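As a plain string of letters, each chain reads:
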Amino acid sequence: MSSLVKAIWTMSQTRTVPISALPLPPSTHIITHNLTPDPQTQSPSAFRQLLSEKPSVQHRSRLLTPEAHFSYVAPCPQPFPYQIAPPENGEPIADQVAYVEKWLADREALHEQPNASSPVPSSLKKYYPSDKREQPRVLVGLSETGLRDCVPHLHVGDAFATLGSSSLARAAEVEEPVAPASAEDIAARQELIDVLSGHAVLMNTDGTQDTHWAPWSLRYSGHQFGVWAGQLGDGRAISVLTTPHPSNPDLTYELQLKGAGRTPFSRTADGLAVLRSSVREFLCAEAMHALSIPTTRSLSLISLPDLPVLRERTESACVLTRMAPSFIRIGSFEALNPPEGVYFLGGGQQDANWDALRTLGEWVARRVLRLEGLRWRDAASAVDGDPWGAALVLEVARRNARMVAGWQAYGFMHGVINTDNVSILGLTIDYGPYAFMDVFDSFHICNHTDGEGRYAYKVRIQPSNCIYALRALLSALSPLIGAEVTLGKAVSPGWADGVPPETISEWRKKGAELKDELERVAEEACAIEYGRLTHKRLALRRLDTTDERDLVRPLLDLMSENKLDFHGTFRRLSFFRPSAASTDSELDAFVATILALTPEPQRIDREKATSDWCAWLKLYAARIESERTEWASQESAADVDVDAERERAACAANPRFVLRQWVLEEVIQKMEQDIDSGKRIMRKVLQMACSPFEPWGAEGQDVDESMLDAEIKEERRYCSMGETRFLGFQCSCSS
């Protein structure tokens, strides 16, 4: 059963419930029940009391204590700096601190309201703010694929109906009225919007502590552009829910709001996100998944049109809900054992806390990475555990190496590979100034604030930056790894208590000896995955060690020299048949279709380009012919059309639709101009991004374009390179 069929089957067999009734994992699988909270928000019950008495604690930037991994935080999207008006009656404020706390408390979600009706009981309660924080909340995006894959048991009511049908050409037309939704569906949809916009909060402080629940934000530190930045943390991200997948209770998905207000990690920022940046991440996470590149996933996009956000210009706020089994980063470990003797300008950094490092490492190794073949420490039965530190580092290396190989093979540039943006699970995370390659340029820089090209595309730069982050992970864990090597077992609580600094230093050196193996594992995993993907894109089944040297690198050189569209070239090669190499006229004709994929045809030396491409295509044709028998079993080889099989395989590996910068900019502009028609356009673009290999725009049909349907014409346009001015378009980190 394919993964898609399995997901659809699971969804069809799963009873759906409103968001307030989604089941919680057992306490052993809940991050906030196993890591250490901020002492100022010690528990959900203490946090709930704090919301009514001293809510500034969760909105004020501060350093957490060294042992803390997270802080409980409630979403509260509102303009910042806060506009706190004096009393309307003009009376003087006797206690300004108390006045500010009351002003904030009046806007916290403290008032319980009934949950949407559900076929199963809910363990969570739903709280709303007073009307002092009432504002429009408009659902503008909902991912069918994200819903299907991650939370198929979530009932969204009539949410998709409110988004309207997807369309590029007819988005502004009035649609036929749909049948009225049931009261139950309307309630489920509204609850979804209220919770995922940060307006309502799901909590529980009743019963035993194992059932208590409140939203949270993670603490982490990191290196930004190679410079230590100290404590960073979830400055505009708040996790509101974790739920097990119906098909696998051990697989949980965390629902995280991005842009729902300030947290203790916001520093001087507002904790908000704008429509522009939210649309970019919402679309790209699902596009990356469709390309089989590991990534966080998107669920919803909710506009807050009356909430102004100041960036380069004043824009409106938007809250994105993204999903992942975990949002822990390499910077989460760096926060607990920062580099020694580093001077930096930042918000500060706590001293190392060895036991917090062990606690986080055990959680990640056992519950997040689910490392196999290890005996875990059991305090109850006094059983020692196997060392896990080195295994954790090497597994994170493999995962991130495979991820970055996918980036390189599909021309994706992240733009900000800081250590706090590198996932422990090897997921693409934190989509900011990213871009997919247009005209191939190995030195392209997608982030206009990256003046030195630290995060440029070039073949070894992005992988090297991932290895830089992996070294930072090893540095943070090296004392623990060294201790495990010395002890021959997993470290226990208090493992470094009373240990002299000299011994810690020896352990650190011992752990750092893993560096060579770490780099070997990462480089090898990246090379193997990159080779697998480039062979897939070229529809080659046999992995020859000379293929990268003889085919892949020369192909990229040809694209670069002739300024050809990266994805368009691969897609065009999907239709190449080796028989074309036998006649000059047929080969020249095919080369002409490739050279048409440049935005600057006048700059091509056509004679040289044609000669170079003919030479490469003849090599490619010979390589294809050398494995023709591998496309079918010996018994059925005579009945198989190998060329047709290869074409299908190539088209299934090379996207027809690519989420280009010009497409993103146009979608954002349409949504900013008119949200009603804009959300219908975005819904269609999301469909195209989730099915990028389909022949959108009647690909391959040789018909007069004037005869095409308007929607097909627009699909064809959206699959093109777009206007020249957007080629090589750069974004800022705020994008």
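Residues numbered from 1 in each chain as written. Predicted model: local features only at pLDDT ≥ 70, side-chain atom pairs only at ≥ 80, totals over all residues. Heavy atoms only, no water.

This brings us to helix H18 (residues 584-595). Compared with the 16 Å implied by 1.5 Å per residue over 12 residues, the 16 Å span of H18 between its first and last C-alpha is a close match. When we look at burial in H18, the residues that qualify are Leu587, Phe590, Val591, Ile594 and Leu595. All buried residues of H18 lie within an arc of 140° about the axis, which places them on one face of the element. Of the surrounding secondary structure, the elements contacted by the buried residues of H18 are helix H16 (547-562), helix H17 (566-573) and helix H19 (606-625). (Helix = DSSP H or I, 4+ residues; strand = E, 2+ residues; numbered from the N terminus. Expected span 1.5 Å × (residues − 1). Buried < 20%, exposed > 50% of the residue type's maximum accessible area, 1.4 Å probe, protein only. Arc of directions from axis to C-beta. Contact = heavy atoms within 4.5 Å.)

Let us now look at the nonpolar core. In this structure, Phe333, Leu392 and Leu659 are the most contacted members of the largest nonpolar core, which totals 202 residues. Looking at this core element by element, the count peaks at 12 residues for helix H13 (residues 461-487). Residues contacting Leu659, with those up to four places away along its chain left out, are Leu283, Cys284, Ala287, Tyr434, Phe436, Leu664 and Val685. (Core = buried A, V, L, I, M, F, W, Y, C linked by side-chain atoms within 4.5 Å.)

Before going further, it helps to spend a moment on the environment of Thr593. Checked against the element boundaries, Thr593 lands in helix H18. In terms of polar contacts, Thr593 uses its side chain to reach the backbone carbonyl oxygen of Phe590, at 2.5 Å. (Polar contact = N/O pair within 3.5 Å; in protein donor to acceptor, adjacent residues only side chain to side chain.)

So, on to the side chain of Asp565. As for its placement among the helices and strands, Asp565 is situated in the loop between H16 and H17. In this structure the side chain of Asp565 is engaged in a polar contact, spanning 2.8 Å, whose partner is the backbone nitrogen of Gly568. With sequence-adjacent residues up to four places away left out, Asp565 is seen in contact with Asp438, Val439, Leu597, Arg660 and Met721.

Looking at helix H3 (residues 44-53), one finds that the buried residues are Pro44, Phe47, Leu50 and Leu51. All buried residues of H3 project into a common sector of 115° when viewed along the axis, lining one side. Those residues of H3 that are buried are in contact with helix H4 (56-59), strand E1 (70-72), helix H5 (96-105) and strand E5 (201-203).

Turning our eyes to something else, we now look at the packing of H18 against H19. Direction vectors running N to C along H18 and H19 enclose 110°, while the axes themselves pass 9 Å from each other. In terms of orientation, H18 and H19 fall into the roughly perpendicular class. Where H18 crosses over H19, the two elements pack in a sense that is right-handed. Residues Asp584, Leu587, Asp588, Phe590, Val591, Ile594 and Leu595 of H18 form the contact with H19, whose participating residues are Arg606, Ala609, Thr610, Trp613, Cys614, Leu617 and Lys618. Of the residues contributing to the contact of H18 with H19, the split by class is 9 nonpolar, 1 polar and 4 charged. (Axes fitted to C-alpha atoms, helices over the stretch in contact; angles between N-to-C directions. Parallel < 35°, antiparallel > 145°, perpendicular 65-115°, else oblique. Left-handed = near helix turned anticlockwise from the far one by under 90°. Nonpolar A, V, L, I, M, F, W, Y, C, P; charged D, E, K, R; others polar.)

This brings us to the state of the cysteines. Evaluated as defined, the whole model comprises 0 disulfides. Considering cysteine sulfurs only, Cys466 is the nearest to Cys526, which forms no disulfide, with 8.1 Å between them. Taking the relative accessible area as the measure of exposure, Cys526 reaches 12% and is therefore buried. In this structure Cys719 is a free cysteine whose sulfur lies 13 Å from that of Cys651, the closest cysteine sulfur available. (Disulfide = S-S within 2.5 Å.)

On to the sheet that holds strand E3 (residues 125-128), then. With respect to topology, 3 strands assemble into an open sheet ordered E2-E3-E5, the strand pairing being antiparallel. Edge positions in the open sheet fall to strand E2 (111-113) and E5, since each of these has one partner strand only. In this sheet, neighbouring strand axes are inclined to one another by 45° on average, regardless of whether the strands run parallel or antiparallel. (Pairing = 2+ DSSP bridges.)

Before going further, it helps to examine the pairing of strand E10 (residues 248-258). Successive residues of a regular strand alternate their side chains across the two faces of the sheet. One ladder, built from 8 bridges, connects strand E9 (residues 237-245) with E10; its direction is antiparallel. Counted as the bridge partner of Thr242 is Glu254 from E10. For E10 and strand E12 (residues 314-324), the ladder comprises 5 bridges, and the chain directions are antiparallel. From the neighbouring strand, Gln256 faces E12, where its bridge partner is Arg322.

If you walk through the whole model with that rule in mind, you get 59 salt bridges. For Glu281, the salt bridge identified is with Arg322, shortest N-O distance 3.0 Å. One end of the pair, Glu281, is in helix H9 (residues 275-290); the other, Arg322, is in strand E12, with 41 residues separating them in the sequence. Arg322 shares its class with Glu281; the two are buried. For Arg549, the salt bridge is made with Asp550, and the minimal N-O distance between the two is 2.8 Å. (Salt bridge = Lys/Arg side-chain N within 4 Å of Asp/Glu carboxyl O.)

Judged by relative accessible area, Glu281 falls into the buried class, the value being 2%. Residues Glu281 and Asp641, spaced 360 residues apart in sequence, show a C-alpha to C-alpha distance of 41 Å. Contacts of Glu281, omitting those with residues within four sequence positions, involve Lys258, Ser298, Leu320, Arg322, Asp430 and Tyr431. Here Arg322 takes part through its side chain, which lies 3.0 Å from a polar atom of the side chain of Glu281.

Right, let's get into the packing of aromatic side chains. One pass over the full model with this rule turns up 21 aromatic pairs. Measuring from ring centre to ring centre gives 6.2 Å for Phe412 and Tyr431, while their planes differ by 70°; the resulting arrangement is edge-to-face. Taken together, the positions of Phe412 in strand E13 (residues 412-413) and Tyr431 in the loop between E13 and strand E14 (435-436) put the pair 19 residues apart, joining distant regions of the chain. Judged by relative accessible area, Tyr431 falls into the buried class, the value being 3%. Aromatic side chains Trp613 and Trp616 sit 5.8 Å apart centroid to centroid with 75° between the ring planes, which places their arrangement in the edge-to-face category. In this pair, Trp613 and Trp616 both sit in helix H19, 3 residues apart, roughly one turn of the helix. On the basis of relative accessible area, Trp613 is assigned to the buried category, the value being 0%. Given a relative accessible area of 3%, Trp616 falls into the buried group. By the ring-pair criterion, three or more aromatic residues cluster together here, those being Trp407, Phe412, Tyr431, Tyr434 and Phe436. In this arrangement the basic side chain of Arg262 is found over the ring face of Phe80, its NZ or CZ atom lying 4.2 Å from the centre. Above the face of the Tyr434 ring, Arg280 is positioned so that its terminal group lies 4.3 Å from the ring centre. (Phe/Tyr/Trp six-rings, centres within 6.5 Å; stacked < 30°, edge-to-face > 60°. Lys NZ or Arg CZ within 6 Å of the ring centre and 35° of its normal.)

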